[in-house]
There are 2 protein chains.
Amino acid sequence: MAQIVGKLAVIGQGLIGSSITRAVVERGIAREIAVTDASDKVRRRVRELGLGEARVIETAAEAVADADLVVICVPVGQIAQVALQVAPAMKAGAILSDVGSVKASVVDAIVPQLPEHIALVPAHPLAGTELSGPEAGLPSLFINRWCILTPLEGTDPSAVATAAQFWEALGSKAEIMTPQHHDYVLSITSHLPHVAAYSIFHTALRFERETNSDVVKFSAGGFRDFTRIASSNPAMWRDIFLGNKDQVLEILRRFQGDLEAFAEAIANEDGDRLVELLSTSRLTRRKVIEKEHISLQPKPDSMKSDRALARPYSSDF
Amino acid sequence: MAQIVGKLAVIGQGLIGSSITRAVVERGIAREIAVTDASDKVRRRVRELGLGEARVIETAAEAVADADLVVICVPVGQIAQVALQVAPAMKAGAILSDVGSVKASVVDAIVPQLPEHIALVPAHPLAGTELSGPEAGLPSLFINRWCILTPLEGTDPSAVATAAQFWEALGSKAEIMTPQHHDYVLSITSHLPHVAAYSIFHTALRFERETNSDVVKFSAGGFRDFTRIASSNPAMWRDIFLGNKDQVLEILRRFQGDLEAFAEAIANEDGDRLVELLSTSRLTRRKVIEKEHISLQPKPDSMKSDRALARPYSSDF
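Here's a quick rundown of the structure. Here the structure is a predicted model, which is why all the values come from computation and not from measurement. (Residues numbered from 1 in each chain as written. Chains lettered and ligands numbered in written order. Predicted model: local features only at pLDDT ≥ 70, side-chain atom pairs only at ≥ 80, totals over all residues. Heavy atoms only, no water.)

Quick word on the side chain of threonine 150 of chain A
Item 1. With respect to the element layout, threonine 150 of chain A can be found in the loop between strand S8 (146–149) and helix H6 (157–169).
Item 2. When residues no more than four places from it in sequence are discounted, the contact partners of threonine 150 of chain A are Lys103, Pro122, Met177, Thr178, Pro179 and His182 of chain A. (Helix = DSSP H or I, 4+ residues; strand = E, 2+ residues; numbered from the N terminus. Contact = heavy atoms within 4.5 Å.)

Structural data, given as structure tokens:
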């Protein structure tokens, strides 16, 4: 594969940063790659893992020197701070990017203080696993996943094009939208499902304590799917919920209204209304599956999320 | 495997009924097996499928004649009616069972009119797939799944033991509890997750219409898991929600309270409280996984629901 950038710097070597490093090394996407992490332990671990020609650098400022593209892969709550710390050390015309799950609040915090010689092209690869740390990185993580880029109007179009090419070289499909629209869409597709999943746990735990009954023992399909959703890093989700506060609160209000519609139909024993409410999602699911078939190439087996759709759903009816 | 019953009658040949038929035939659990379905089309389909020595009978009354065990595998909303229709045609001492996802309301509807010569041992196998119809049946469906039996006090213990042995012969682990406790536990582990999943769809659909934006296009882990949960048969879930109305409404109220706790922490930008709320579910998940490892033998590959837990979770962080 063709080189997309000269020198790449990756700040942060958790799951996402380490996956980028591995994929870039494996695919020869950069001429040179410098990686770093604020944690001594993580830097040591990356050295031990020996990620190809990636050089492990002690500080972020050193790592970004002369880099053409800097990708910040730290928790959402630290992105703005790290961006403003490394930007002055970056060369003129370099591209600064990140991989955060929340965009508007982070962009708002960076832009007013960003040196003019830097092109900011925020990114959010819709990819991940429930694992974390440099060991968890997978070079195939981004293959056939969306990567949403949220540059502000007026950003150098060639910088945006390079960032898009970079993600496409990692196997992703790049899509451009505003930071606000990104946060709207993700509040539905990701943030709301996570709040719901976490809340179900609390409801279940309290019930288990109060009735001294073994809810977990009999947990099957529905509940287990939620355990999977709600098993992610607490600090990461704190940052996401706070970073997208207004959207998340708005979507939660709507969700509570929709729950209320179900509760009402059940309380009124309105079977027809229930069937109406229950039928809509079947149609949507069909849309989701069709979209996957249309838009996605086969994935490497270990990451095949369609498998969940294709296999019989072991449930708890 | 040893024969557990002489003559078995299975009323209803959808996913569950057909799976029971297949497993019983494959494992030689009954000396004789008579199956039926209210639908001409389904009966014809079962004949075409040719499920071993299972005889397809035109009417339920004929099918249950001389049966030692009758298992009603019809939608929850029709169980009581079918039970009261077939019971008078059953021989003295025969066992009447079912596979419904809701127990108390169905038992309450049956018991006052049940002939005294019949032993009622309601059952709920915690197993299923999102598919339906006789073609969808799998002989391995019940392997290593719980089957909850909810006999009333005073039921002939030997009838309960036979029913438990029957489900164990199908590969399940049998557990006995009251109908009320069953409905409590399932309201948490199954009914609440389904209402939540369905509600998320409605929230997402309205958002998509209002903003004309493609939520489905960017749906990843969280949302896709919900599409899977919310893709089941609308009439089945109507029956379940109405059949367990009081419990479902109670658990929905609690859930709304737990959502509110998240909303409050987010609105107050209380990061510590959020981490606290987000950490609890991690512990529970660990419990769920441990339980699975402790209590379940490896499953046939096609039904391996732990796979969802073991594989990296392709997410939308």
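There's plenty left to go through after this.
Overview of the packing of aromatic side chains
Item 1. Applying the stated rule across the entire model yields 11 aromatic pairs over all chains.
Item 2. Ring geometry for phenylalanine 142 of chain A against tryptophan 167 of chain A: centres 5.2 Å apart, planes inclined by 80°, an arrangement best described as edge-to-face. Placement of phenylalanine 142 of chain A in the loop between strand S7 (123–125) and S8 and of tryptophan 167 of chain A in helix H6 is noted, with a sequence separation of 25 residues between them.
Item 3. Judged by its relative accessible area of 0%, phenylalanine 142 of chain A falls in the buried class.
Item 4. Look at tryptophan 167 of chain A and you get buried, because its relative accessible area is 1%.
Item 5. Ring geometry for tryptophan 237 of chain B against phenylalanine 241 of chain B: centres 5.3 Å apart, planes inclined by 40°, an arrangement best described as tilted. You can see tryptophan 237 of chain B and its partner phenylalanine 241 of chain B sitting in helix H9 (residues 234–243), 4 residues apart, about one turn around the helix. (Phe/Tyr/Trp six-rings, centres within 6.5 Å; stacked < 30°, edge-to-face > 60°. Buried < 20%, exposed > 50% of the residue type's maximum accessible area, 1.4 Å probe, protein only.)

Some details on the sheet that holds strand S7 (residues 123–125) of chain B
All names here are of chain B.
Item 1. Spatial ordering of the open sheet is given by S7-S8-S9, a layout of 3 strands whose pairing is mixed. The open sheet is flanked by S7 and strand S9 (173–176), the only strands paired with a single partner. Put simply, the sheet's adjacent strands are angled 20° from each other on average, direction ignored.
Item 2. The strands touched by helix H6 (residues 157–169) within the sheet are S7, strand S8 (146–149) and S9, with S8 carrying the most contacts at an inclination of about 165°. (Pairing = 2+ DSSP bridges. Axes fitted to C-alpha atoms, helices over the stretch in contact; angles between N-to-C directions.)

Regarding the environment of leucine 170 of chain A
All names here are of chain A.
Item 1. Structurally, leucine 170 is set in the loop between H6 and strand S9 (173–176).
Item 2. When the C-alpha atoms of leucine 170 and glycine 257 are compared, they prove to be 40 Å apart, with 87 residues separating the residues in sequence.
Item 3. Leave out the neighbours within four places in its chain, and leucine 170 touches Ile20, Ala23, Val24, Arg27, Ile29, Phe142 and Ile143.

Some thoughts on the pattern of salt bridges
Residues and elements named next belong to chain A.
Item 1. Counted according to the given criterion, the structure contains 30 salt bridges over all chains.
Item 2. Among the salt bridges present, the one from arginine 31 reaches glutamate 32, with a minimum N-O distance of 3.8 Å.
Item 3. Judged by its relative accessible area of 26%, glutamate 32 is partly exposed.
Item 4. Overlapping salt bridges bring together Asp40, Arg43, Arg47 and Glu58 as one network. (Salt bridge = Lys/Arg side-chain N within 4 Å of Asp/Glu carboxyl O.)

Remarks on the pairing of strand S4 (residues 69–72) of chain A
Residues and elements named next belong to chain A.
Item 1. Because side chains alternate across S4, one face comprises the buried residues Leu69 and Val71, and the other comprises Val70 and Ile72, equally buried.
Item 2. Summarising the sheet, strand S1 (residues 5–11) and S4 pair through 4 bridges and their orientation is parallel. Across the sheet, valine 10 pairs through a bridge with valine 71, a residue of S4.
Item 3. Traced from S4 through helix H4 (residues 76–86) to strand S5 (residues 95–98), the parallel crossover comes out right-handed. (Right-handed = clockwise from strand over helix to strand, strands pointing away.)

A short note on the packing of helix H7 (residues 179–211) of chain A against helix H7 (residues 179–211) of chain B
Item 1. Orientation of H7 of chain A relative to H7 of chain B, taken along the N-to-C sense of each, is 165°, at an axis distance of 10 Å. Here H7 of chain A lies roughly antiparallel to H7 of chain B, going by the angle between them. Note on packing geometry: the crossing formed by H7 of chain A with H7 of chain B is right-handed. Together, Tyr184, Val185, Ile188, Leu192, Pro193, Ala196, Ile200, Thr203, Ala204 and Phe207 of chain A of H7 of chain A and Tyr184, Val185, Ile188, Leu192, Pro193, Ala196, Ile200, Thr203, Ala204 and Phe207 of chain B of H7 of chain B make up the contact between the two elements.
Item 2. Within the contact of H7 of chain A with H7 of chain B, the residues separate by chemical class into 18 nonpolar, 2 polar and no charged. (Parallel < 35°, antiparallel > 145°, perpendicular 65-115°, else oblique. Left-handed = near helix turned anticlockwise from the far one by under 90°. Nonpolar A, V, L, I, M, F, W, Y, C, P; charged D, E, K, R; others polar.)

Focus on helix H1 (residues 15–27) of chain B
Residues and elements named next belong to chain B.
Item 1. Between the first and last C-alpha of H1 there are 18 Å, a value that for 13 residues agrees with the 18 Å anticipated at 1.5 Å per step.
Item 2. Of all 13 residues that make up H1, 10 are buried, and the element is covered over most of its length.
Item 3. Regarding H1, the residues found buried are Leu15, Ile16, Gly17, Ser18, Ser19, Ile20, Thr21, Arg22, Ala23 and Val24.
Item 4. Where the residues of H1 are buried, they touch strand S1 (5–11), strand S2 (30–36), helix H2 (40–49), strand S4 (69–72), S7 and H6. (Expected span 1.5 Å × (residues − 1).)

Thoughts on the nonpolar core
Item 1. Residues Ile72, Leu96 and Phe255 of chain A together with Ile72, Leu96 and Phe255 of chain B are the most contacted members of the largest nonpolar core, which totals 114 residues.
Item 2. Those residues in contact with phenylalanine 255 of chain A that sit more than four places away from it in its chain are Leu192 and Ala196 of chain A together with Ala196, Ser199, Ile200, Thr203, Phe255 and Leu259 of chain B.
Item 3. Among the nonpolar cores identified, the runner-up in size contains 40 residues, and Ile20, Ala119, Ala169 and Leu170 of chain A belong to it. (Core = buried A, V, L, I, M, F, W, Y, C linked by side-chain atoms within 4.5 Å.)

As for the side chain of asparagine 244 of chain B
Residues and elements named next belong to chain B.
Item 1. Residue placement: asparagine 244 occurs in the loop between H9 and helix H10 (245–267).
Item 2. On the basis of relative accessible area, asparagine 244 is assigned to the buried category, the value being 4%.
Item 3. Here histidine 191 takes part through its side chain, which lies 3.2 Å from a polar atom of the side chain of asparagine 244.
Item 4. With sequence-adjacent residues up to four places away left out, asparagine 244 is seen in contact with Val102, Asp183, Ser187 and His191. (Polar contact = N/O pair within 3.5 Å; in protein donor to acceptor, adjacent residues only side chain to side chain.)

Side note on the packing of helix H10 (residues 245–267) of chain A against H7 of chain B
Item 1. Following both chains from N to C, one finds H10 of chain A and H7 of chain B inclined at 125°, their axes separated by 8 Å at the closest point. Classed by the angle they form, the pair H10 of chain A and H7 of chain B counts as oblique. Classified by chirality, the crossing of H7 of chain B by H10 of chain A is right-handed. Across from Ile251, Arg254, Phe255, Asp258, Leu259 and Phe262 of chain A in H10 of chain A, the residues of H7 of chain B making contact are Val195, Ala196, Tyr198, Ser199, Ile200, His202, Thr203, Arg206, Phe207 and Glu210 of chain B.
Item 2. The residue makeup of the contact of H10 of chain A with H7 of chain B, split by class, is 9 nonpolar, 3 polar and 4 charged.

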